[in-house]
Amino acid sequence: MPISTTTVERDGYDATPDFVYAISLLAALESATGQEGHATVLPFLGMARAELTDFGQRRPERYVPVQVSDLRAGMDELEQRITALLADSPALQHSLRLDAARRLLRRGAAAVA
């Protein structure tokens with residue numbers, strides 16, 4: 001008998017607060033167009049979003065408002081949150097996606113450093 005690897009998803013929507021905040025922070029970083037280096041990191045943010053959401057198969061139930069005053073600090077915070085999600089990930093598929101998203105963020109941060 002197959003056993004579900006996750007208990008937090010319902011029809012592709014994930015309402016866990018950590019996931020919702022991480023995706024909301026990522027969306028805020030994507031929309032921080034006035035920040036220095038934004039054009040450089042935007043492709044990496046988009047690829048990280050695709051990994052976090054399992055290419056649209058895992059979606060946040062809602063978004064929360066997040067302010068980004070510094071692009072690099074926001075990316076550092078997002079990496080820390082993804083690392084925390086990775087530590088608590090119950091499913092191998094999500095762990096692999098989280099790790100890929102974290103590596104993409106690091107590449108983006110290195111590109112603007």
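Residues numbered from 1 in each chain as written. Predicted model: local features only at pLDDT ≥ 70, side-chain atom pairs only at ≥ 80, totals over all residues. Heavy atoms only, no water.

1. Comments concerning the packing of aromatic side chains
Evaluation of the coordinates by the stated rule reveals 0 aromatic pairs. Above the plane of the ring of F19 lies R58, whose end atom (NZ or CZ) is 4.1 Å from the centre. Above the plane of the ring of Y13 lies R59, whose end atom (NZ or CZ) is 4.4 Å from the centre. (Phe/Tyr/Trp six-rings, centres within 6.5 Å; stacked < 30°, edge-to-face > 60°. Lys NZ or Arg CZ within 6 Å of the ring centre and 35° of its normal.)

2. Let's talk about the nonpolar core
Ranked by internal contacts, the top residues of the largest apolar core, which has 24 residues, are L29, L52, L78, I82 and L105. Looking at this core, the elements that each hand over two or more residues are α1 (17-30), α2 (38-52), α3 (71-87) and α4 (92-112). With 7 residues, the top contributor of residues to this core is α1. Sequence-distant contacts of I82, defined by excluding residues within four places in its chain, comprise L52, L98, A101, R102 and L105. (Core = buried A, V, L, I, M, F, W, Y, C linked by side-chain atoms within 4.5 Å. Buried < 20%, exposed > 50% of the residue type's maximum accessible area, 1.4 Å probe, protein only. Helix = DSSP H or I, 4+ residues; strand = E, 2+ residues; numbered from the N terminus. Contact = heavy atoms within 4.5 Å.)

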